[in-house]
Amino acid sequence: MFPILEAPTFHCRACGKCCSNIQGFAGEAEKQFLLEYGYGKLPLVQLVPVEEMTFPLWEFEAKRFIDFSKELGIDAKIRPYRGVLDLQSNAFIVFNYQMNSKACPFLKQDGKCGIYGKERAFVCNLFPLNRSPFLNVGAPVDKSIFGTCGGLETIPEKLDYKNNEKLISQLYHSFGHTFLAAVQHDFVIEWANHLIVQLMKEKKIRPALNYPREFLAKRIGQARHVDLFEFLIEIEHFTSEEAESTIEKFRSYEHAKERVKQVIGPL
Ligand code: SF4
Ligand code: SF4
């Protein structure tokens, strides 16, 4: 265990600022990476221009959000955002959706979340963190793991970015469940990347690579669109039960708890 008391506890002021502009969520380094590799050089393809990117919803989260929008009678403008064009099955496998809107469509006039108290998405729960120290983005872990948030006060200055284990302990102490959401979100990103490599090795998919962007967009437009877990069941990578249990583990932050526990001991 590490001394953690010098890192204060985060209190969200529920000002709604993080949800009032969900465009431009990605940092500069991520944007540059996506411009270089996200539109055809890697199996996972962005459908949305970088400047129109908003909060990403995993496909199993988007299903809930579509239901919430129906319940509330709003158009959340949820559309596919990222996926793999599989030339073997001529399917566009949707990994993520996004809400195509400047402000989150669920944000109410009073700045409060319209689905507060319901199960929201990792991206709703992880803010003001952008990511956790577990995700290797090829850059040192520093204050850039935080977004802009008035509730952060002096927390980013008080963290020890040079000692990863201590940092994880401090982040859990200061952010609790919010930190677990960031860790779990990063875990799912890594899981998805490994899954693509595994499916390629097993010759279960043949992603389109190195197509010109316009041609790729046309092919994706003509392909059948299928959500990731549905596709995994179709190709018998998962049974329905395995798919459900995997999603359930993601939703209960099982991997995040395990990862953090391995570093700081029982939570
Ligand atoms: S996380 Fe920060 S920006 Fe978002 S509502 Fe809370 S205090 Fe406001
Ligand atoms: S669903 Fe709620 S918490 Fe999530 S981005 Fe929208 S307003 Fe914010």
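Everything discussed here concerns the structure shown above.
What this report covers is the structure whose coordinates are included nearby. All values reported here derive from a predicted model rather than from experimental measurement.

1. Overview of the packing of aromatic side chains
Okay, step 1: Enumeration according to the criterion identifies 14 aromatic pairs in this entry.
Okay, step 2: Note on phenylalanine 65 and phenylalanine 68: the rings are 5.8 Å apart at their centroids and 55° apart in plane angle, and the pair reads as tilted. Of this pair, phenylalanine 65 and phenylalanine 68 both sit in helix H3 (residues 59-72), 3 residues apart, which is roughly one turn of that helix. Taken individually, phenylalanine 65 and phenylalanine 68 each receive the classification buried, so the pair is uniform in this respect.
Okay, step 3: Taken together, a centroid distance of 5.7 Å and an interplanar angle of 40° make the contact between phenylalanine 146 and phenylalanine 175 tilted.

2. As for the site of ligand 2
Okay, step 1: The environment of ligand 2 is formed by Cys19, Phe55, Phe65, Cys104, Phe106, Leu107, Cys113, Ile115, Arg120 and Cys124.
Okay, step 2: Looking at the shell around ligand 2 residue by residue, the class counts come to 9 nonpolar, no polar and 1 charged.

3. What to know about the nonpolar core
Okay, step 1: Grouped together as the largest cluster of nonpolar side chains are 48 residues, with contacts concentrated most on Phe146, Leu171, Phe175, Trp191 and Phe229.
Okay, step 2: Among the elements of the structure, strand E4 (91-99), helix H4 (122-126), helix H6 (164-175), helix H7 (177-201), helix H9 (228-234), helix H10 (240-251) and helix H11 (254-264) are those that each provide at least two residues to this core.
Okay, step 3: Ignoring sequence-local partners within four residues, the contact set of phenylalanine 229 consists of Glu59, Phe60, Trp191, Phe238, Ala243, Thr246, Ile247 and Phe250.
Okay, step 4: Among the nonpolar cores identified, the runner-up in size contains 23 residues, and Ile22, Val45, Ala208 and Leu216 belong to it.

4. Concerning a nonpolar patch on the surface
Okay, step 1: Taken together, the side chains of Phe33, Tyr37 and Leu42 present a nonpolar region at the surface, about 260 Å² in accessible area.
Okay, step 2: As for its placement among the helices and strands, tyrosine 37 is situated in helix H2 (residues 28-37).
Okay, step 3: For tyrosine 37, a relative accessible area of 33% corresponds to the partly exposed category.

5. Some details on the pattern of salt bridges
Okay, step 1: Scanning the entire structure with this criterion turns up 14 salt bridges.
Okay, step 2: The residue arginine 79 makes a salt bridge to glutamate 52 at a minimum N-O spacing of 3.2 Å. Separated by 27 residues along the polypeptide, arginine 79 in strand E3 (residues 78-86) and glutamate 52 in the loop between strand E1 (44-46) and strand E2 (56-58) bring together distant segments of the chain.
Okay, step 3: You can call arginine 79 partly exposed: its relative accessible area is 25%.

6. Quick look at the packing of H7 against H10
Okay, step 1: Between H7 and H10, the least distance of the axes is 10 Å, while the angle of their chain directions is 145°. In this structure, H7 uses Gln184, Phe187, Val188 and Trp191 to contact H10, whose residues at the interface are Thr246, Lys249 and Phe250.
Okay, step 2: Tallied by class, the residues present in the contact of H7 with H10 amount to 4 nonpolar, 2 polar and 1 charged.

7. Details of the packing of H6 against H11
Each packed pair of helices is defined by two parameters, the angle between the axes and the distance between the axes.
Okay, step 1: At a minimum axis separation of 9 Å, H6 and H11 run at an interaxial angle of 120°. With respect to their mutual orientation, H6 and H11 come out oblique. Relative to H11, H6 is oriented so that their crossing is left-handed. Here Glu165, Ile168, Ser169 and Tyr172 of H6 come into contact with H11, specifically with Val260, Val263 and Ile264.
Okay, step 2: The residue makeup of the contact of H6 with H11, split by class, is 5 nonpolar, 1 polar and 1 charged.

8. Examining the environment of arginine 64
Okay, step 1: In this fold, arginine 64 is placed in helix H3.
Okay, step 2: Distance from arginine 64 to valine 94, taken between C-alpha atoms, is 15 Å for residues 30 residues apart in sequence.
Okay, step 3: Among all residues touching arginine 64, those that are not within four sequence positions of it are Glu119, Arg120, Ala121 and Arg251.

Rules behind the numbers
Every chain's residues receive numbers from 1 upward, in the order its sequence appears when written. Going through the entries in the order they are written, you letter the chains from A and number the ligands from 1. Reporting in this predicted model follows two pLDDT cut-offs: at least 70 for local features of residues, and 80 or more for side-chain atom pairs to be given and counted; totals over whole chains, interfaces and linings ignore these cut-offs and use all residues. Based on all heavy atoms of the structure, the side-chain values leave hydrogens and waters out of the count. Here a Phe, Tyr or Trp ring, Trp counted by its six-membered ring, pairs with any other such ring whose centre lies within 6.5 Å, and the pair is stacked when the planes are under 30 degrees apart, edge-to-face when over 60, and tilted otherwise. In this text, helices come from DSSP runs of H or I with a minimum length of four residues, and strands from runs of E with a minimum of two, each type numbered from the N-terminal end. Only protein chains enter the calculation, and the probe is 1.4 Å; a residue is then buried if its accessible area is under 20% of its type maximum, exposed if over 50%, and partly exposed in between. Neighbouring residues are identified by heavy atoms, a residue being near a molecule or strand if any of them is within 4 Å of it. Nonpolar residues are Ala, Val, Leu, Ile, Met, Phe, Trp, Tyr, Cys and Pro. Charged residues are Asp, Glu, Lys and Arg, and all others, Gly as well, are polar. Put simply, a nonpolar core is a bunch of buried Ala, Val, Leu, Ile, Met, Phe, Trp, Tyr and Cys residues held in one set by side-chain atoms that sit within 4.5 Å of each other. Should any heavy atoms of two residues lie within 4.5 Å, those residues are counted as being in contact. Exposure above 30% relative accessible area and no salt bridge define the residues that can form patches, which grow by joining like charges within 9 Å and nonpolar side chains of Val, Leu, Ile, Met, Phe, Trp and Tyr within 5 Å. Each accessible area is a Shrake-Rupley result for a 1.4 Å probe, and residues are judged covered by the shown protein chains and nothing else. Counted as salt bridges are all cases of a side-chain nitrogen of Lys or Arg within 4 Å of a carboxyl oxygen of Asp or Glu. As a rule, the C-alpha atoms of each element are fitted with a line to give its axis, helices using only the stretch in contact, and angles between N-to-C directions run from 0 to 180 degrees. The scheme is simple: roughly parallel for angles under 35 degrees, roughly antiparallel for over 145, roughly perpendicular for 65 to 115, oblique for anything else. Crossings are assigned a handedness: left-handed for a near helix turned anticlockwise from the far helix by less than a right angle, right-handed for a clockwise turn.

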